[in-house]
Amino acid sequence: MSQPQTPEQALDTLGDCPPGRRDEDAGEGIQCSQRMLNFSDALLSIIATVMILPVTHTEISPEQQFDRSVQRLLATRIAVYLMTFLIVTVAWAAHTRLFQVVGKTDDTLALLNLACMMTITFLPYTFSLMVTFPDVPLGIFLFCVCVITIGVVQSYLLMVTVILLPYVSKVTGWCRDRLLGRREPSAHPVGVFTFDLHEPLSKERVEAFSDGVYAIVATLLILDICEDNVPDPKDVKERFGGSLVAALSATGPRFLAYFGSFATVGLLWFAHHSLFLHVRKATRAMGLLNTLSLAFVGGLPLAYQQTSAFARQPRDELERVRVSCAIIFLASIFQFAIWTTALLHQAETLQPSVWFGGQEHALMFAKLALYPCASLLAFASTCLLSRFSVGIFHLMQIAVPCAFLLLRLLVGLALASLRVLRGITRPEHPPPAPTGQDDPQSQLLPAPC
């Protein structure tokens, strides 16, 4: 069915198989699992991210205020979204653990993997039922059935491929040798494997899953523009005298919100990419923090929806700005936490250039601390200057990308200024006193007691 391997062997087989080895494996009915893993990572990242859509499509009429009832409704839906996101990422982590020890697959394992993926793709529908009908138990029941089915299929895969298959293979081989005589040993023997839950996650699959989430979030931002902001030809003719430019200018604030939100997603991905360029391996704590960061990255379409409603519902702009700042802060602060967690075991998890005192340490600190500091400062400023909350938020959206462009220069200037201040505040050491060996007059004086 499949061949268990040690994690090191499994990671070695993740790349493309050599042509000769591929032909030999095809003759035995097995194949490298890299393409199936790419498909699974892409599908799981899509499913984990699109479950924010029922939250973003919460209908709030222009006459309805952003009061306690609306806040409670959004909070409930966000909590259910976070729970579902964590369930999907737990399924992805279990899938990653499984295929770190299963280096190759056959048709049976591939079909079982498809069955597991099909069950996972049904989760957004059950999630929508839970959100739309919170008082009806059918949605919760279907959601629980999906989660249990995913766990059963993955447990079955783990038991068969890792625990039972080696012993079944040994028994089958012994019986065949007794009946047909001893044969040549297989080129890929199946051995007994001990499954270690404390092995680090595959860094490549963590990056692939994260890239999928960021890419899908960036794509979801355009859906509202494509759906709601394409003018109707009849309205353009009647309200704007046939001028398409005038019709598009009426929805200009939504386009500005889209560009600002896309820049936020792109720069958060850039910070994530810069961090994992220097990561050697991903520990369990780093994987958990990455999951939490991605969960709030998946909430950025909700932040975009809040900012695009400034022009339509100006009386609720303060609450919407605070919601957006909170989402951006939580998405970025967990990125910063990944790095600080990696620094605790920097010799094992990070490249030497970003260790304490390393060449890139200060620059990496600035990249990962920029969005948490900017969003926290914007949130605090809205508490003091609530009348200018929209201007403060747009200023943050403009200032942070500009700071990213000049970040290396700004960090270099800051370090140079610190060296100059340290040289000014540190007293100069006086020159050493003469020892008397080079002074002929001192040689005539008696030595001090």
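Quick caveat: nothing in here was measured; it's all calculated off a predicted structure.

Where helix H17 (residues 361–384) meets helix H18 (residues 389–405), the axes come as close as 10 Å, and the angle between the chain directions of the two elements is 165°. Relative to H18, the element H17 is oriented roughly antiparallel. For the crossing formed where H17 meets H18, the hand is right-handed. Residues Lys367, Leu370, Tyr371, Ala374, Ser375, Ala378, Ser381 and Thr382 of H17 lie in contact with H18, whose contacting residues are Ser389, Ile392, Met396, Val400, Ala403 and Phe404. When grouped by side-chain class, the residues that make up the contact of H17 with H18 number 9 nonpolar, 4 polar and 1 charged.

For the coordinates displayed, the defined rule picks out 2 cavities of 30 Å³ or more. The calculated volume of the largest cavity comes to roughly 60 Å³. Looking at the largest cavity, the residues that line it are Ser261, Thr264, Leu300, Ala303, Tyr304, Thr307, Ser324, Ile328, Phe393 and Gln397. Elements that contribute at least two residues to the lining of the largest cavity include exactly helix H12 (252–277), helix H14 (300–308), helix H15 (317–344) and H18. With 4 residues, H14 is the single largest residue contributor to the lining of the largest cavity. Of the residues contributing to the lining of the largest cavity, the split by class is 5 nonpolar, 5 polar and no charged.

Here we come to the packing of aromatic side chains. Applying the stated rule across the entire model yields 11 aromatic pairs. Between Trp92 and Phe209, the aromatic rings sit 4.6 Å apart at their centres with planes inclined by 20°, giving stacked as the arrangement. Of this pair, Trp92 sits in helix H5 (residues 68–101) while Phe209 sits in helix H9 (residues 203–228), and the two are 117 residues apart along the sequence. With respect to class, Trp92 is no different from Phe209; both count as buried. A ring pair is formed by Phe270 and Phe404, whose centres lie 6.1 Å apart and whose planes are at 80°; its orientation type is edge-to-face. With Phe270 in helix H12 and Phe404 in helix H18, this residue pair connects regions lying 134 residues apart in the sequence. We classify Phe270 as partly exposed; its relative accessible area is 32%.

Counted according to the given criterion, the structure contains 4 salt bridges. Asp41 is paired through a salt bridge with Arg205; the nearest N and O atoms lie 2.5 Å apart. Pair noted here: Asp41 is in helix H3 (residues 34–50) and Arg205 is in helix H9, with a separation of 164 residues, a long-range link. Owing to a relative accessible area of 5%, Arg205 belongs among the buried residues under this scheme. One salt bridge connects Lys281 with Glu348, and the closest N-O pair in it is separated by 3.9 Å. Within this pair, whereas Lys281 is found in the loop between H12 and helix H13 (284–297), its partner Glu348 is found in helix H16 (residues 346–349), the two being separated by 67 residues in sequence. When its relative accessible area of 49% is taken as the criterion, Glu348 is described as partly exposed.

Bringing the confidence of the model for the protein into the picture now. Confidence in the prediction of the protein, expressed as mean pLDDT, is 75, and 70% of residues score 70 or more. When mean pLDDT is taken per element in the protein, H13 scores highest with 90 and helix H1 (residues 7–12) scores lowest with 45. Here residues 1–16 scores under 50 on pLDDT; set against residues more than four positions off or in separate chains, the count is 50 contacts. pLDDT under 50 marks residues 20–29. Its contacts with residues more than four places away, or in other chains, come to 13 contacts.

Each value, and the rule that gives it
Residues numbered from 1 in each chain as written. Predicted model: local features only at pLDDT ≥ 70, side-chain atom pairs only at ≥ 80, totals over all residues. Heavy atoms only, no water. Axes fitted to C-alpha atoms, helices over the stretch in contact; angles between N-to-C directions. Helix = DSSP H or I, 4+ residues; strand = E, 2+ residues; numbered from the N terminus. Parallel < 35°, antiparallel > 145°, perpendicular 65-115°, else oblique. Left-handed = near helix turned anticlockwise from the far one by under 90°. Contact = heavy atoms within 4.5 Å. Nonpolar A, V, L, I, M, F, W, Y, C, P; charged D, E, K, R; others polar. 1 Å grid on protein atoms, 1.4 Å probe; cavity = no way out; pocket = protein on both sides within 12 Å on 5 of 7 lines; lining within 4 Å. Points joined across faces, edges and corners; volume = space filled by probe spheres on them. Phe/Tyr/Trp six-rings, centres within 6.5 Å; stacked < 30°, edge-to-face > 60°. Buried < 20%, exposed > 50% of the residue type's maximum accessible area, 1.4 Å probe, protein only. Salt bridge = Lys/Arg side-chain N within 4 Å of Asp/Glu carboxyl O. pLDDT = per-residue confidence, 0-100.

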